Amino acid sequence: MSSKEEKERSLNFIEEIIEADLASGKHDSILTRFPPEPNGYLHIGHAKSICLNFGLANKYGGGTNLRFDDTNPVTEDTEYVDSIKDDVKWLGFNWVNEFYASDYFDTLYEYAEKLINKGLAYVDETSSEEMAEQKGTPTEPGKRNKFCERSIEDNLRIFREMRDGKHPEGSMVLRAKIDMTSSNMLMRDPIIYRIKFAHHHRTGDKWCIYPMYDLAHGQSDSIEHITHSVCTLEFVPHRELYNWFIEKLEIFPSKQYEFARLNLGYTVMSKRKLKQLVEENYVSGWDDPRMPTISGLRRRGYTPKSIRDFCDRIGIAKRDNLIDVSLLEFFIRDHLNKISSRVMVVSDPLKVTITNIPEGHVENCEIDNNPEDEESGSRIVPFDRVIYIEKEDFMEDAPKKYFRLKPDGVVRLKGAYIIQCDEVIKDASGEVIELKCHYIENSKSGQDTSGVKCKGVIHWVSATHNVPVELRLYDRLFKEEDVNSYEGDFKDLINENSLQIVTAYAEPSLKDATLEDKFQFMRQGYYVLDKDSNEDKIIFNRTVGLRDSWKK
RNA sequence: UGGCUCGUGGUGUAAUGGUAACACAGAGGUUUUUGGUGCCUUUAUUCAAGGUUCGAGUCCUUGCGAGCCAACCA
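Everything quoted here is computed from the prediction, not taken from an experiment.

### Some remarks on the overall build of chain A
Turning to step 1, where the next piece is worked out: Regarding its fold elements, chain A presents 13 helices and 25 strands.
Turning to step 2, where the next piece is worked out: Here the C-alpha atoms of chain A give a radius of gyration of 31 Å, more than 25% beyond the 24 Å that 2.2 N^0.38 yields for 552 residues.
Turning to step 3, where the next piece is worked out: A burial count over chain A gives 51% of its 552 residues as buried.
Turning to step 4, where the next piece is worked out: Considering only residue pairs separated by 6 or more positions, chain A has 70% of its internal contacts joining residues 24 or more positions apart.
Turning to step 5, where the next piece is worked out: On chain A, roughly 25,900 Å² of surface is accessible, and the fraction owed to carbon and sulfur atoms is 45%.
Turning to step 6, where the next piece is worked out: Put simply, chain A has 76 plus and 96 minus side-chain charges, and the middle of one group is 3 Å from the middle of the other.

Written out as structure tokens, the structure is:
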């Protein structure tokens, strides 16, 4: 996007708030944070949040902290920490600090004692079932139990015993003392510390009590002096609590703002569901090219720029949304069109013998790598007597508008000659198995003086000088666009045919492709070299097909 | 039958009381040695009903609809 366009683009509601805060002198600079929990891989919904948080900081001259929200040791793991860092970097963003909520466990513990000392927190020994019952429902107020009357001294003593491992898991919790009749369920004396005898990926076995999200997140924001703490809409009811803790603890007043999370058609955007797809082997892993994860999109052949452009386009608002996949596809086509080399690959071969080329004769054809990029140069593609073309590029009974090859018809072989079809050879079942053609003299690409007019141009590959490759063709993971609103098990909607593997024949230049190299297979689509490739087998993932406006 | 958030083309996002704009998708045309790309054209009485106003997508009232909230998850 040009800076002019950026200037003209209207502000989203968070930018408006920031500009007002800067203008009023409330803040001199801003600090945001991206706060993933390391319990899964990042997906494109996180990309939206990353682009927002880092984008805001870039735009207004502030910074962004990467902070791992690691307060639940039983679900979290360093594998996820590493993948998250890789993904954020790959997307093109740099954080000013790498922090962990667990860095603040000591402070958070002190905050809890402070609340106890202010008479604003108490140890509750009620069972979780009973506690749920006492909590009431959205339409009925909750009730306090006897434990809330405990003295400050007793609360302090028992809370310390909890910390020291004197009480078994699940036997008691620390709750904030707020309002059991609040219409906001989160204000009904929320649990803020629980006992977990679990090994933490960073603090090891130092703690056996861990703070809950509401005590940890806002306080971490405050400790870091985050000015604008941006999260998704499901945290709206938490804002009241967020502000309550900051007020009662008398600490730096970070402010929380909420925007609508990204929903994309034909996929799911919940870590729980994505994890299920991985663990139950519906996909090959978190980076399966069908997954909406950053690593999956990367392996699929998406570029960081295409994802950033997409996130920029979908905007930031508070309304629930379901983005059309075609928008994502538009941005990757847009980028790949400009940067990828064109190559020829035949995936469903039909043998064509060009009868007026002598056997053993090989002609080198020079073909531009990318008509969209003058700097991209050219390459040599060998052309000889026997070639393969795509089966669908020949039709015996072709409609008038079909301008590829037909009996007695002509077609241009991209970068080579015009050929004319003389004979159609079929097998016993009547299927076309070979074409005999002749090439038109003086019709070579770039030096055509033949005067022969032909509208069609097709891709081809030499039958002797080619390299077999495996193509992995992906389709959408789910059969329904709106997976979220399906009432039953989301797995019912899985598209069983989301992966198709075919063998294809590529021009020789593809032998030199390396990991993540991106190509346009002419007239077919964009492909990327997959990491499963080895010396014996070259594997390409189809990123996305080319637009196809041809209809019979 | 509580509270909160939100309703603008098929999908998103704008319009900050003054001609409903932009992108994607769809349709049509044009260019093209990729049926790709590019270029052009085209698609809305803003959830409903009242009200305020010279003027309402925007403000007010009342409905209606959607999402979220009752984990020792984040």
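Picking up after the structure, the text goes on.
### Details of the sheet that holds strand E7 (residues 209–211)
Turning to step 1, where the next piece is worked out: Read from one edge of the open sheet, 4 strands run E4-E5-E6-E7, paired in antiparallel fashion. In this open sheet, the two strands that pair with only one neighbour each are strand E4 (121–124) and E7. Adjacent strand axes in the sheet meet at a mean angle of 20° when their direction is disregarded.
Turning to step 2, where the next piece is worked out: Across the sheet, helix H5 (residues 105–117) lies against E4, strand E5 (173–176), strand E6 (191–195) and E7, angled at about 120° from E6, the strand it touches most.

### Describing the pairing of E6
Turning to step 1, where the next piece is worked out: Burial within E6 is extensive, with 4 of its 5 residues counted as buried.
Turning to step 2, where the next piece is worked out: Pairing of E5 with E6 involves 3 bridges; the strand directions are antiparallel. Looking at the pairing, Arg175 lines up with Ile191 of E6.

### Focus: the protein's contact with RNA strand B
Turning to step 1, where the next piece is worked out: In the neighbourhood of RNA strand B, 61 residues make up the surrounding shell, with Glu16, Arg342, Ser445, Gln520 and Trp550 lying closest.
Turning to step 2, where the next piece is worked out: Take the atoms of RNA strand B that sit within 4 Å of the protein: sugar and phosphate atoms are 61% of them.
Turning to step 3, where the next piece is worked out: A distance of 3.2 Å separates a phosphate oxygen of RNA strand B from a polar atom in the side chain of Lys196.
Turning to step 4, where the next piece is worked out: For RNA strand B, a phosphate oxygen lies 2.6 Å from a polar atom in the side chain of Ser549.
Turning to step 5, where the next piece is worked out: Of all the elements in the fold, those that place two or more residues in the surface near RNA strand B are E6, helix H12 (304–314) and helix H13 (325–339).
Turning to step 6, where the next piece is worked out: Here the surface near RNA strand B is built from residues that sort into 23 nonpolar, 18 polar and 20 charged.

### A word on H5
Since the α-helix advances by 3.6 residues per turn, residues separated by three or four positions end up pointing in the same direction.
Turning to step 1, where the next piece is worked out: Taking 1.5 Å per residue as the helical rise, H5 with its 13 residues ought to reach 18 Å, and the 18 Å between its terminal C-alpha atoms agrees with that figure.
Turning to step 2, where the next piece is worked out: Among the residues of H5, Phe105, Leu108, Tyr109, Tyr111, Ala112, Glu113, Leu115 and Ile116 are the ones counted as buried.
Turning to step 3, where the next piece is worked out: Looking one or two places after H5, you find Gly119, whose phi comes out positive at around 70°.

### Structural notes on the packing of aromatic side chains
What describes a pair of aromatic rings is the distance from one ring centre to the other and the angle between the planes of the rings.
Turning to step 1, where the next piece is worked out: Scanning all chains against the criterion turns up 23 aromatic pairs.
Turning to step 2, where the next piece is worked out: Each ring, one from Phe383 and one from Trp460, has its centre 5.2 Å from the other, and the planes form 80°; the classification is edge-to-face. Taken together, the positions of Phe383 in strand E14 (residues 378–384) and Trp460 in strand E20 (residues 460–462) put the pair 77 residues apart, joining distant regions of the chain. For the pair shown, Phe383 and Trp460 are each scored as buried.

### Considering the domain arrangement of chain A
Turning to step 1, where the next piece is worked out: Split into domains, chain A comes out as domain 1 (14–259), domain 2 (264–341 + 469–545) and domain 3 (345–459).
Turning to step 2, where the next piece is worked out: If you average the C-alpha positions of domain 2 and of domain 3, the two centres end up 31 Å apart.
Turning to step 3, where the next piece is worked out: Counting from both sides, the interface comprises 19 residues of domain 2 and, opposite them, 19 residues of domain 3.
Turning to step 4, where the next piece is worked out: Note on domain 2 versus domain 3: buried area summed over both sides is about 1,400 Å², and carbon and sulfur give 54% of it.
Turning to step 5, where the next piece is worked out: The interface formed by domain 2 and domain 3 holds 2 salt bridges in total.
Turning to step 6, where the next piece is worked out: Taking the shortest distance from any N to any O, the salt bridge between Arg523 and Asp393 comes out at 2.2 Å.
Turning to step 7, where the next piece is worked out: Our enumeration of links across domain 2 and domain 3 arrives at 7 residue pairs in polar contact (both at pLDDT 80 or more).

### Remarks on the pattern of salt bridges
When the charged atoms of two side chains lie near each other, side chains of opposite charge can form a pair.
Turning to step 1, where the next piece is worked out: The full count for this structure, using the stated rule, is 44 salt bridges.
Turning to step 2, where the next piece is worked out: A salt bridge links Glu15 to Lys59; the shortest N-O distance between them is 3.1 Å. Here Glu15, found in helix H2 (residues 13–24), pairs with Lys59, found in helix H3 (residues 44–60); they are 44 residues apart in sequence, far enough to count as distant.
Turning to step 3, where the next piece is worked out: Under the relative-accessibility criterion, Glu15 is labelled buried at 11%.
Turning to step 4, where the next piece is worked out: Between Arg412 and Asp448 there is a salt bridge whose closest N-O contact spans 2.8 Å. Here the residue Arg412 occupies a position in strand E16 (residues 410–413), and Asp448 occupies one in the loop between strand E18 (432–439) and strand E19 (457–458), the gap between them amounting to 36 residues.
Turning to step 5, where the next piece is worked out: We classify Arg412 as buried; its relative accessible area is 13%.
Turning to step 6, where the next piece is worked out: What emerges from the salt-bridge pattern is a single network uniting Asp287, Arg299, Glu470, Arg472, Asp530, Lys531, Asp532 and Lys537.

Each value, and the rule that gives it
- Per-chain numbering applies: the sequence of each chain, read as written, is numbered from 1 onward.
- For naming, the first written chain is A and the first written ligand is 1, with later ones following in the order written.
- It should be noted that, the model being predicted, local features are given only for residues of pLDDT at least 70 and side-chain atom pairs only at 80 or more, the latter also being counted only at that level, while totals for whole chains, interfaces and linings use all residues.
- Calculation of side-chain values draws on the structure's entire complement of heavy atoms; hydrogens and water are dropped beforehand.
- Under the scheme used here, helices are H or I runs from DSSP no shorter than 4 residues and strands are E runs no shorter than 2 residues, and both carry numbers assigned from the N terminus.
- Atoms counted for the radius of gyration: C-alpha only. Globule rule: 2.2 Å times the number of residues to the power 0.38.
- Classification of residues uses two cut-offs on accessible area relative to the type maximum, computed with a 1.4 Å probe and protein chains only: under 20% is buried, over 50% is exposed, and between them is partly exposed.
- Here, two residues are considered to be in contact whenever any of their heavy atoms come within 4.5 Å of each other.
- Computed by Shrake-Rupley with a 1.4 Å probe, the accessible areas treat only the displayed protein chains as cover when residues are assessed.
- Charged residues are defined narrowly, with Lys and Arg counted positive, Asp and Glu counted negative, and His plus the chain ends left uncounted.
- Note that the charge is assigned to NZ on lysines, CZ on arginines, CG on aspartates and CD on glutamates.
- Following DSSP output, two strands are said to pair if at least two bridges run between them.
- A fitted line through C-alpha atoms serves as each axis, taken over the contacting stretch for helices, and the angle formed by two N-to-C directions is quoted from 0 to 180°.
- Proximity is defined per residue: if any heavy atom of the residue lies within 4 Å of a molecule or strand, that residue is considered near it.
- Contacts described as polar in this section are N or O atom pairs within 3.5 Å, which, within protein, must combine one atom able to donate a hydrogen with one able to accept it, while residues neighboring in sequence count only if both atoms come from side chains.
- Gly is put with the polar residues, along with every residue not named as nonpolar or charged; the nonpolar set is Ala, Val, Leu, Ile, Met, Phe, Trp, Tyr, Cys and Pro, and the charged set is Asp, Glu, Lys and Arg.
- Any helix carries an expected span of 1.5 Å times its number of residues minus one.
- The rule is short: rings of Phe, Tyr and Trp, with Trp giving its six-membered ring, pair when the centres are within 6.5 Å, and they are stacked under 30 degrees, edge-to-face over 60, tilted in between.
- Domain start and end points were adopted from an automatic or database domain assignment.
- Put simply, buried area is the surface a 1.4 Å probe can reach on two separate parts but cannot reach once they are joined, added for both.
- Salt bridge criterion: a side-chain nitrogen from Lys or Arg within 4 Å of a carboxyl oxygen from Asp or Glu.

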